[in-house]
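# Breakdown of the fold
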Amino acid sequence: MAIDMELEAVLRPPEAPQAPYPAKVITLANGKRMVVREVTRADVPKLLRVVHPTLFIDKDYYNVVGARLYSELLAWQYYRVQNEFCLVGQIDGILVGMVNSRMYTAETGMSLHTLAIDRGLRIGAHLFAAKMEHHIEFLGQKEVLIVAESPIGFRRWMTEYGLEPTTIPHELGGAPAYRLTRQLYFDSKPRLVVGDRPVPDELLAVAEQELIAADESMIREKIAGLKGR
Ligand SMILES: CC(C)(COP(=O)(O)OP(=O)(O)OC[C@H]1O[C@@H](n2cnc3c(N)ncnc32)[C@H](O)[C@@H]1OP(=O)(O)O)[C@@H](O)C(=O)NCCC(=O)NCCS
C-alpha cells in the first residue's frame, strides 16, 4: 500500500528506544530445545499465519486470545501501537508459541498476550517468564500489569507468581490488572525463569534462518490435543 510519510509522522505514536532481548535456549520436559528470541515487524506476516487458525478454535479461549493477538501484531507491523515487542519460541525452526507486550511507560509494562501452539510442555509458561524477564531485567521496568483471559492463564500467572491484585484498569478490556513487581519477579525467578545463554551458534542459526509456520491442520490438532508431544 502507498504510504504518505508526512501523514504517517502524525499517525505513528512516538516510541522510546527499547533494549533488545538476548536470545536463550530452554530444554523442555521432552528433551527438545526451544530457542526464545525477539522478532521484528518484518516477521509479523509469518506470525499471523500461525495465529489465524486459532481465531476459529473455541477451546481454552484460543479464539479470544488469538483474535486480540492478531490485531495487536498487525497494529505493530503498521506502527499503530506504541513500544510493543514480541518474543517467539521455536523448536527446530518451527514456531511453537509467542508472547507480546509493550512498555506503557518507562517504568510500567503492559503485558498483552501469550499463545502456546504445542501443548503440555509449559511452552506458554516459559514464554511468559521470558516476557517478564525482558520487562524487568532488560527494559529495566519497575512493574508489569497483567490480566488473564483464560483459567489456564490465571493459574499460570496469578497463582504461580502470586501476583498482586490492583484496581488499575488493564488495556485488555479494562479488567482490574494484577501486578508483577520487581520483588515478586526476583522471588519467582529461581522457580520459574529458565534458559541458557548464549544460544549455541548452530541452534540460533536454524532459528534465525527461517521462522517456520506449521500448517493449519497441524496447529488445530496440536491445540485440540490430538497430536502428542
Ligand atoms: C495459557 C497458555 C499460554 C499456557 O500454555 P502452557 O504453559 O504451555 O500450558 P498448556 O496450555 O500446554 O497446558 C495447560 C494445562 O493443560 C494441560 N494440557 C492441555 N493440553 C494438553 C495436551 N495436548 N497435552 C498435555 N497436556 C495438556 C497441561 O498438562 C497443563 O496442565 P497443568 O496446568 O496442570 O500443568 C496456553 O494454554 C494457551 O496458549 N492458551 C490459549 C491462550 C491463552 O489463554 N493465553 C493466556 C491468556 S491469559
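Numbering of residues begins from 1 in every chain and follows the order in which that chain's sequence is written. Only residues with pLDDT of 70 or above have their local features reported here, since the model is predicted, and side-chain atom pairs are shown and tallied only from 80 upward, although totals for entire chains, interfaces and linings are computed over all residues.

## So, the site of the ligand
In plain terms, the rule: We call a residue near a molecule or strand when the C-beta position, derived from backbone atoms, sits within 6 Å of it. Secondary structure elements follow DSSP: runs of H or I of four or more residues count as helices, runs of E of two or more count as strands, with numbering from the N terminus. Side-chain classes follow a simple rule in which Ala, Val, Leu, Ile, Met, Phe, Trp, Tyr, Cys and Pro form the nonpolar group, Asp, Glu, Lys and Arg form the charged group, and the remainder, Gly included, forms the polar group.
Lining the immediate surroundings of the ligand are 21 residues, of which Gly-120, Gly-124, Ser-150, Gly-153 and Gly-225 lie closest. Only helix 3 (62–77), strand 5 (108–116), helix 4 (123–138) and helix 5 (151–161) provide two or more residues apiece to the shell around the ligand. Partitioning the shell around the ligand into residue classes produces nine nonpolar, six polar and six charged.

## Re the packing of helix 2 (residues 44–51) against helix 3
Under the convention used in this document: The angle between two axes is taken between their N-to-C directions and runs from 0 to 180 degrees, where each axis is a line fitted to C-alpha atoms and a helix contributes only its stretch in contact. Roughly parallel means an angle under 35 degrees; roughly antiparallel, over 145; roughly perpendicular, 65 to 115; everything else is oblique. C-beta atoms are placed from the backbone for every residue, and two residues are taken to be in contact when these atoms lie within 7 Å.
Running from N to C, helix 2 and helix 3 cross one another at 170°; their axes reach a closest spacing of 10 Å. The orientation of helix 2 with respect to helix 3, classified from their angle, is roughly antiparallel. Between helix 2 and helix 3, the residues in contact are Val-44, Leu-47, Leu-48 and Val-51 and Gly-66, Leu-69, Tyr-70, Leu-73, Trp-76 and Gln-77, respectively. Across the contact of helix 2 with helix 3, the residue classes break down as eight nonpolar, two polar and no charged.

## Details of the environment of Tyr-61
Checked against the element boundaries, Tyr-61 lands in the loop between helix 2 and helix 3. Between the C-alpha atom of Tyr-61 and that of Leu-47, which follows or precedes it by 14 residues, the distance is 19 Å.

## Description of the nonpolar core
Note the following rule: By convention the nonpolar core is taken to be a set of buried residues drawn from Ala, Val, Leu, Ile, Met, Phe, Trp, Tyr and Cys and joined through C-beta atoms within 7 Å. Buried, partly exposed and exposed are defined by the number of other C-beta atoms within 10 Å of a residue's own C-beta, namely 20 or more, between the two limits, and 12 or fewer respectively, with C-beta atoms placed from the backbone.
Core analysis: the largest hydrophobic core is formed by 56 residues, its most contacted members being Leu-87, Met-98 and Ile-146. The element best represented in this core is helix 4, accounting for seven residues. In this structure, Met-98 is in contact with Leu-47, Cys-86, Leu-87, Val-88, Leu-115 and Leu-127, ignoring residues within four places of it in sequence.

## Structural notes on the pairing of strand 8 (residues 176–181)
To keep it simple, the criterion reads: Strands are labelled as partners when DSSP assigns at least two bridges between them.
As defined by bridge partners, strand 6 (residues 143–146) adjoins strand 8 across four bridges and the pair is classed as antiparallel. Counterpart to Ile-146 in the pairing with strand 8 is Tyr-178. Examined bridge by bridge, strand 7 (residues 164–169) and strand 8 share three bridges and lie antiparallel to one another. Its bridge partner being in strand 8, Glu-164 is matched across the sheet by Arg-179. The hairpin formed by strand 7 and strand 8 contains six residues between the paired strands, and Gly-173 there has a positive phi angle of roughly 80°.

## Digging into the environment of Leu-115
Tracing the sequence through the fold places Leu-115 in strand 5. Spatially, the C-alpha atom of Leu-115 lies 7.9 Å from that of Tyr-62, the residues being 53 residues apart in sequence. Those residues in contact with Leu-115 that lie beyond four places of it in its chain are Val-51, Thr-54, Val-65, Gly-66, Leu-69, Gly-97 and Met-98.

## What to know about the sheet that holds strand 3 (residues 84–91)
With mixed pairing, eight strands are arranged side by side in an open sheet as 1-2-3-4-5-6-8-7. Only two strands of the sheet have a single partner each, and these edge strands are strand 1 (24–27) and strand 7. Put simply, the sheet's adjacent strands are angled 30° from each other on average, direction ignored. In this structure, strand 5 lies alongside strand 6, joined through three bridges in parallel fashion. Residue Gly-109 lies in a different strand from strand 6, and its bridge partner there is Val-144. Sitting on the sheet, helix 7 (residues 201–209) touches strand 1, strand 2 (33–38) and strand 3, and the angle it makes with strand 2 is about 60°.

## Quick look at the confidence of the model for the protein
To be explicit about the condition: pLDDT is defined as a per-residue confidence score from the predictor, taking values between 0 and 100.
Taken as a whole, the protein shows an average pLDDT of 96; of its residues, 98% reach a score of 70 or greater. Per-element confidence in the protein is highest for helix 4, whose mean pLDDT is 99, and lowest for helix 8 (residues 216–224), whose mean pLDDT is 91.

## A few points about the pairing of strand 4 (residues 94–103)
Counting buried residues in strand 4 gives nine out of 10 residues, a clear majority hidden from the surface. As paired strands, strand 4 and strand 5 are joined by seven bridges and run antiparallel to one another. Bridge pairing links Asn-100 to His-113 in strand 5. The antiparallel hairpin formed by strand 4 and strand 5 contains four residues in its connecting segment.

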